[in-house]
Amino acid sequence: MGQAAVRVIGSGVAMGSPSMFPGCAVTPSGIVIAYSTVPDGWPGGTVGVRRTADGGRSWEAAQIVARPAPGEDAALGAIGLTRLRDGRLLLPYNTVTWQKGRGIEGCLLALRLVESTDDGARWSEPIKVAIDFDRPAVYGDMLELASGELLWPVWGEYRSGERWRSALLASRDGGRNWTVKSTIAFDPEARMTGKYVENGDTGQTDHGVADFSRHDDPDFRPHNATDGFNETSVVQLGDGRLLAVLRQQGVDGDQELALFVAYSADEGASWTAYARIGFSGMSPVVVRTADGRLLLGSRRFVADASVEPGVEIRVGAADARQWSAPVTLVDPHGTKLTGEYQCGYPAFAAEPGGTWLAFFYSCQPDGARYLAWNRLEIAAAASP
């Protein structure tokens, strides 16, 4: 599958600045997207949604559906907007509370959900999610199994002071109560070193986090020195197994930000040993197409910054063992990107005619983040 198997046939703007970390869900009345207004839970952050009924050509007014409560600093989402078989939309997010003077490793995270029963027109009050996990961070779409069990990938410090791990939460009552079902991947000795770490800002300021005034500077990148497995996307394959695609920092001594994969044959109760997928990247999202192949999007970036950042997509074999050459998504503003934080976090929505919409964030020429969309056409699978 070395040749490009997907091409971009259209592009546009889904949401102006500030917006980033999109999620999306297809409903009977169109597509709903979710977004966050700040990176990494910086103070004042909120989570909003917007709807389109015509494939992104026009959009309804955006609405904010999650705000920080008194005593909290931000609400932050990433991917995750999911439509269940009963028609409900579930939108997970974090509440973020910063501890003064402790840098970006000192924030407190809690899990929340909001839900909609009318295709995203109205949303519930926040639903608290209490689990035995010290600092759980949201990322990735939920899965609804044939049994009705819901699976929700999260990542973070399971116990204070540990390296990050990727984990799977489960609910058997439609998302009202959740438990930690399994660890997808964990390396207790993970550690990034070198320029990637040295060039990051760990945010040891009186505010407790990095300098907010620099958020549109392409060279600015807060760095959390915890390291390990983090952002994880999980999809169910045609043979029933689960596939997890994992972002990581410093796992097994890797310094190139390689993506990893793991498989589960028992609906997420246990996982195979993690393994490299064969290329590097960040913010991975994987979905299954109608013919059983996989569509994978990720931020293109290498630790030494020798490659121009961008968001790229690949088509994979049904078992994720082979992948096509990457194709770069189109920035509608044509901005030349120079920094890691300027783009990323794709989310996919299937369209009735077999095309797909990819939502992702990029930067306007002035550096402000916004949401773009690309329409994708996937080439037919080669004959055996």
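All values reported here derive from a predicted model rather than from experimental measurement. (Residues numbered from 1 in each chain as written. Predicted model: local features only at pLDDT ≥ 70, side-chain atom pairs only at ≥ 80, totals over all residues. Heavy atoms only, no water.)

**What to know about the sheet that holds strand β20 (residues 282–288)**
Part 1: Taken in spatial order, the 4 strands of this open sheet run β20-β21-β22-β23, and their pairing is antiparallel. The open sheet terminates on both sides in strands that have one partner only, identified here as β20 and β23 (327–328).
Part 2: Bridge analysis of β20 against strand β21 (residues 294–300) gives 5 bridges, and the strand direction is antiparallel. The residue of β21 that forms the bridge with Val287 is Leu295. (Pairing = 2+ DSSP bridges. Helix = DSSP H or I, 4+ residues; strand = E, 2+ residues; numbered from the N terminus.)

**Considering the environment of Gln364**
Part 1: Here Gln364 lies in the loop between β25 (356–363) and β26 (369–378).
Part 2: Using a relative accessible area of 19% as the deciding quantity, one classes Gln364 as buried.
Part 3: C-alpha of Gln364 to C-alpha of Val8: the two residues are 356 residues apart in sequence and 20 Å apart in space.
Part 4: Not counting residues up to four positions away in its chain, the partners in contact with Gln364 are Ser17, His333, Thr335 and Tyr370. (Buried < 20%, exposed > 50% of the residue type's maximum accessible area, 1.4 Å probe, protein only. Contact = heavy atoms within 4.5 Å.)

**As for the side chain of Thr335**
Part 1: The residue Thr335 is located in the loop between β23 and β24 (344–350) in this model.
Part 2: Relative accessible area serves as the criterion here: at 16%, Thr335 is assigned to the buried category.
Part 3: Side-chain polar atoms of Thr335 contact the backbone oxygen of Cys363, separated by 2.6 Å.
Part 4: Those residues in contact with Thr335, other than ones at most four positions away along the chain, are Cys363, Gln364 and Pro365. (Polar contact = N/O pair within 3.5 Å; in protein donor to acceptor, adjacent residues only side chain to side chain.)

**With respect to unusual backbone geometry**
Part 1: That bond from Ser17 to Pro18 is cis: its omega, 0 degrees, falls within 30 degrees of zero.
Part 2: Counting through the fold element by element, Pro18 comes out in the loop between β1 (6–15) and β2 (20–27).
Part 3: The phi torsion at Leu257 lies on the positive side, around 60 degrees, for a residue other than glycine.
Part 4: Position of Leu257 among the secondary structure elements: in the loop between β17 (242–249) and β18 (258–264).

**A few points about the packing of aromatic side chains**
Part 1: Per the stated rule, a full pass over the model turns up 12 aromatic pairs.
Part 2: Ring geometry for Tyr139 and Tyr345: centres 6.0 Å apart, planes at 70 degrees, overall edge-to-face. On the criterion of sequence distance, the pair formed by Tyr139 in the loop between β11 (135–138) and β12 (143–144) and Tyr345 in strand β24 is long-range, its members being 206 residues apart.
Part 3: The exposure class assigned to Tyr139 is buried, which follows from its relative accessible area of 2%.
Part 4: Its relative accessible area of 6% is what places Tyr345 among the buried residues. (Phe/Tyr/Trp six-rings, centres within 6.5 Å; stacked < 30°, edge-to-face > 60°.)

**Here we look at the nonpolar core**
Part 1: Of all hydrophobic cores here, the largest spans 53 residues; its most connected members are Ile33, Leu295, Phe348, Phe359 and Leu376.
Part 2: A per-element tally of this core places β25 first, with 7 residues.
Part 3: Non-local contacts of Phe359, meaning those with residues more than four positions away in its chain, are made with Ala14, Pro22, Cys24, Ile31, Ile33, Trp59, Tyr345, Pro346, Ala347, Ala349, Ala372 and Trp373.
Part 4: By size, the runner-up hydrophobic cluster in this structure holds 18 residues, among which are Leu145, Ala190, Ala244 and Val251. (Core = buried A, V, L, I, M, F, W, Y, C linked by side-chain atoms within 4.5 Å.)

**Here's the deal with the environment of Glu149**
Part 1: With respect to the helices and strands, the residue Glu149 is situated in the loop between β12 and β13 (150–157).
Part 2: In the structure, Glu149 is positioned 118 residues away from Glu267 in sequence and 9.5 Å away in space, judged by C-alpha atoms.

**Quick look at the sheet that holds β2**
Part 1: Pairing in this open sheet of 4 strands is antiparallel, and the strands run β2-β3-β4-β5 from one edge to the other. One side of each edge strand has no neighbouring strand; the edge strands of this open sheet are β2 and β5 (63–66). Averaged over all adjacent pairs, the angle separating strand axes in this sheet is 30 degrees, with direction ignored.
Part 2: Across 6 bridges, β2 lies against strand β3 (residues 30–36) in antiparallel orientation. Within β3, the residue paired with Val26 across the bridge is Ile31. (Axes fitted to C-alpha atoms, helices over the stretch in contact; angles between N-to-C directions.)

**Details of the pattern of salt bridges**
Part 1: Scanning the model with the defined rule gives 24 salt bridges in all.
Part 2: Residue Glu60 is joined to Arg51 by a salt bridge in which the shortest nitrogen-to-oxygen separation is 3.1 Å.
Part 3: The buried category is assigned to Arg51, whose relative accessible area is 18%.
Part 4: A salt bridge links Arg88 to Asp86; its shortest N-O distance comes to 2.9 Å.
Part 5: Three or more residues are tied together by salt bridges with common partners; here these are Asp86, Arg88, Glu115 and Arg176. (Salt bridge = Lys/Arg side-chain N within 4 Å of Asp/Glu carboxyl O.)

**Re the environment of Ser324**
Part 1: Position of Ser324 relative to the elements: it lies in the loop between β22 (310–316) and β23.
Part 2: Remark: the alpha-carbon pair of Ser324 and Ala381, spanning 57 residues in sequence, is separated by 11 Å.

Nothing here speaks to function; it is all geometry.
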